[in-house]
Amino acid sequence: MAPAEQNERSALARLLERHVLAALLLIVALGFCLRMRGLDRVGFNEDEVQKINAARAYLHGDFSRNLEHPMLLKSMIAVSLAAADSWNRGLGRSHHISDEMAVRFPNVVLGALTAIVIFGLAREWFGWTLRC
């Protein structure tokens, strides 16, 4: 390989290393936006109805409802529902957040953040060398 080609490739590698955080944030933001699109267009399915009932019960201190779903998920849905209710009563009167969106929002956030986990695993397993 010619020295000029090697310098060009190492310059590309340095550029990617410098902007890896920006690229990762762009990927997460893009994944978030794609997941948010049309989030409340479809009504609840049976599973989501059970989750919303359990989350509403969590907000009233009853943690015994719907024991088949993980508590962390139902807790995140309860927080999301409480935030949406607060938004709808206050600033969001003109831009209402539906219950469908509030229930699905924790999955959207965690789904978008999986890009960081995948990036970390790929970097750990395969290293960070660029070879063309």
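Our structure is the block above this text.
The rules behind each value
- Residue positions are given per chain, counted from 1 along the sequence in the order it is written.
- Reporting in this predicted model follows two pLDDT cut-offs: at least 70 for local features of residues, and 80 or more for side-chain atom pairs to be given and counted; totals over whole chains, interfaces and linings ignore these cut-offs and use all residues.
- Processing note: side-chain calculations cover all non-hydrogen atoms of the structure and skip hydrogens and water entirely.
- Secondary structure elements are taken from DSSP: a helix is a run of H or I of four residues or more, a strand is a run of E of two residues or more, and numbering for both begins at the N terminus.
- When a residue's accessible area, from a 1.4 Å probe over protein chains only, is under 20% of the maximum for its type it is buried; when over 50% it is exposed; and in between it is partly exposed.
- When checking whether two residues touch, look at their non-hydrogen atoms; a contact exists if any pair is within 4.5 Å.
- Surface exposure here means Shrake-Rupley accessible area, sampled with a 1.4 Å probe, where a residue is shielded only by the protein chains that are shown.
- Salt bridges are defined by distance alone: a side-chain nitrogen of Lys or Arg within 4 Å of a carboxyl oxygen of Asp or Glu.
- For helices, the axis comes from a line fit to the C-alpha atoms of the stretch in contact; other axes are also lines fit to C-alpha atoms, and the angle between any two N-to-C directions lies between 0 and 180 degrees.
- Working rule for angles: under 35 degrees goes down as roughly parallel, over 145 as roughly antiparallel, 65 to 115 as roughly perpendicular, anything else as oblique.
- Handedness of a helix crossing follows the sense of rotation of the near helix relative to the far helix, less than a right angle counterclockwise being left-handed and clockwise being right-handed.
- Nonpolar cores were defined as sets of buried Ala, Val, Leu, Ile, Met, Phe, Trp, Tyr and Cys residues, with membership established by side-chain atoms within 4.5 Å.

Colleague: Go over the overall build of the protein chain with me, naming the residues and quoting the values.
Modeller: If you tally the helices and strands in the protein chain, you get five helices and zero strands. Put simply, the protein chain has 132 residues, and 27% of those count as buried. Of the contacts made within the protein chain by residues no fewer than 6 positions apart, 58% connect residues no fewer than 24 positions apart. With an accessible surface of roughly 9400 Å², the protein chain has 63% of that area assigned to carbon and sulfur atoms.

Colleague: A description of the environment of L113 should follow, citing residues and the corresponding values.
Modeller: By the secondary structure assignment, L113 is in helix 5 (residues 99–126). Judged by relative accessible area, L113 falls into the partly exposed class, the value being 37%. Between the C-alpha atoms of L113 and V28, which are 85 residues apart in sequence, the distance is 6.2 Å.

Colleague: Which residues make up the pattern of salt bridges, and what values do they have?
Modeller: Enumeration over the complete set of coordinates arrives at four salt bridges. Notably, a salt bridge pairs E48 with R104, separated by 2.8 Å at the nearest N-O pair. On the criterion of sequence distance, the pair formed by E48 in helix 3 (residues 46–59) and R104 in helix 5 is long-range, its members being 56 residues apart. Judged by its relative accessible area of 12%, R104 falls in the buried class. We note a salt bridge from D85 to R56, for which the minimum N-O separation is 2.6 Å. Here the residue D85 occupies a position in helix 4 (residues 71–89), and R56 occupies one in helix 3, the gap between them amounting to 29 residues.

Colleague: Quick one: what's the story with the packing of helix 2 (residues 20–36) against helix 5, residue by residue and with numbers?
Modeller: Two numbers describe how helix 2 lies on helix 5: the axes approach to 9 Å, and their chain directions differ by 150°. Accordingly, the angle class assigned to the pair helix 2 and helix 5 is roughly antiparallel. The crossing of helix 2 and helix 5 is right-handed. From helix 2, V20, L24, I27, V28, G31, F32, R35 and M36 reach across to helix 5, where they touch M101, F105, V108, V109, G111, A112, L113, T114, A115, I116 and F119.

Colleague: Help me get a handle on the nonpolar core, residues and values and all.
Modeller: Within soluble globular proteins, side chains that are nonpolar tend to cluster in buried spots. By size, the foremost hydrophobic cluster in this structure holds ten residues: I52, A55, Y58, L73, I77, A78, L81, A84, A102 and V103. Other than its neighbours up to four places away in sequence, A102 contacts S80, L81, A84 and I97.

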